[in-house]
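Summary of the model geometry
Next come the chains, spelled out residue by residue.
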Amino acid sequence: LGELMLGGFKVELVAPASDQQIRLEMPKPSSSLVKETPELYNTVTKPYIESIVSGDSLDWIEDIVQGKTNSNGVLFENDEYFLHIDTMWKSHPDPRMTPTEDWF
């Protein structure tokens, strides 16, 4: 039926869609199920988490929380938490080009 805009999202609607069209558009499975044992957690997962927390790779989060960067991406905030857009997510309106009131 064509493309249309819904709440800032570009949507392509195909109706009725054949089974083949649905199969072609479905996301391909790209994940695996891993049974994490205590040993695997202690030797792989925990060191990975600790390396992230102890390094400076999460400084960008602290910068956002402190209001040093990306304050224009805050959708909502109160004393307990705030909601911030993910600027790497490309299917929402560009916050630099779209007024905040049009984000919803």
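Going by the structure above, here's the rest.
The model shown is predicted, which means the values in this text are computed figures rather than measured ones.

**Examining the overall build of the protein**
Scanning the protein from N- to C-terminus turns up three helices and four strands. Listing the helices and strands of the protein from first to last along the sequence gives β-β-α-α-α-β-β. Within the protein, the fraction of its 104 residues that count as buried is 9%. Within the protein, contacts between residues separated by at least 24 positions form 22% of all contacts whose residues are at least 6 apart in sequence. Approximately 9,300 Å² of the protein is accessible, and the part contributed by carbon and sulfur atoms is 57%.

**Structural notes on a nonpolar patch on the surface**
A cluster of nonpolar residues, Tyr41, Tyr48, Ile49, Val53, Leu58, Trp60, Ile61 and Val65, forms a patch on the protein surface that exposes about 780 Å² of accessible area. Broken down by secondary-structure element, the contributors of at least two residues to the nonpolar patch are helix H2 (38–54) and helix H3 (59–65). When residues of the nonpolar patch are assigned to their parent elements, the largest contribution, four residues, is made by H2. Along the chain, the position of Ile61 falls in helix H3. On the basis of relative accessible area, Ile61 is assigned to the partly exposed category, the value being 36%.

**A short note on the environment of Leu83**
For Leu83, the location among the structural elements is in strand S4 (residues 82–84). As a C-alpha pair, Leu83 and Gly73 span 10 residues in sequence and 8.6 Å in three-dimensional space. The residues contacting Leu83, other than those within four sequence positions of it, are Gly73, Val74, Leu75 and Phe76.

**Focus: the environment of Tyr41**
Along the polypeptide, Tyr41 turns up in helix H2. The class of Tyr41 is partly exposed, set by a relative accessible area of 33%. Sequence-distant contacts of Tyr41, that is, excluding residues within four places in its chain, are made with Glu36, Lys46 and Pro47.

**Overview of the environment of Ile52**
Examined against the element boundaries, Ile52 turns out to sit in helix H2. Beyond its immediate sequence surroundings of up to four residues, Ile52 is in contact with Ser57 and Leu58.

**Observations regarding the pairing of strand S3 (residues 74–77)**
The pairing of S3 with S4 spans three bridges and is classified as antiparallel. Looking across to S4, one finds that Glu77 is bridged to Phe82.

The rules we used
- Residues numbered from 1 in each chain as written.
- Predicted model: local features only at pLDDT ≥ 70, side-chain atom pairs only at ≥ 80, totals over all residues.
- Heavy atoms only, no water.
- Helix = DSSP H or I, 4+ residues; strand = E, 2+ residues; numbered from the N terminus.
- Buried < 20%, exposed > 50% of the residue type's maximum accessible area, 1.4 Å probe, protein only.
- Contact = heavy atoms within 4.5 Å.
- Areas by Shrake-Rupley, 256 points an atom, 1.4 Å probe, with all protein chains shown as cover.
- Patch = residues over 30% accessible without salt bridge, like charges linked within 9 Å, V, L, I, M, F, W, Y side chains within 5 Å.
- Salt bridge = Lys/Arg side-chain N within 4 Å of Asp/Glu carboxyl O.
- Pairing = 2+ DSSP bridges.

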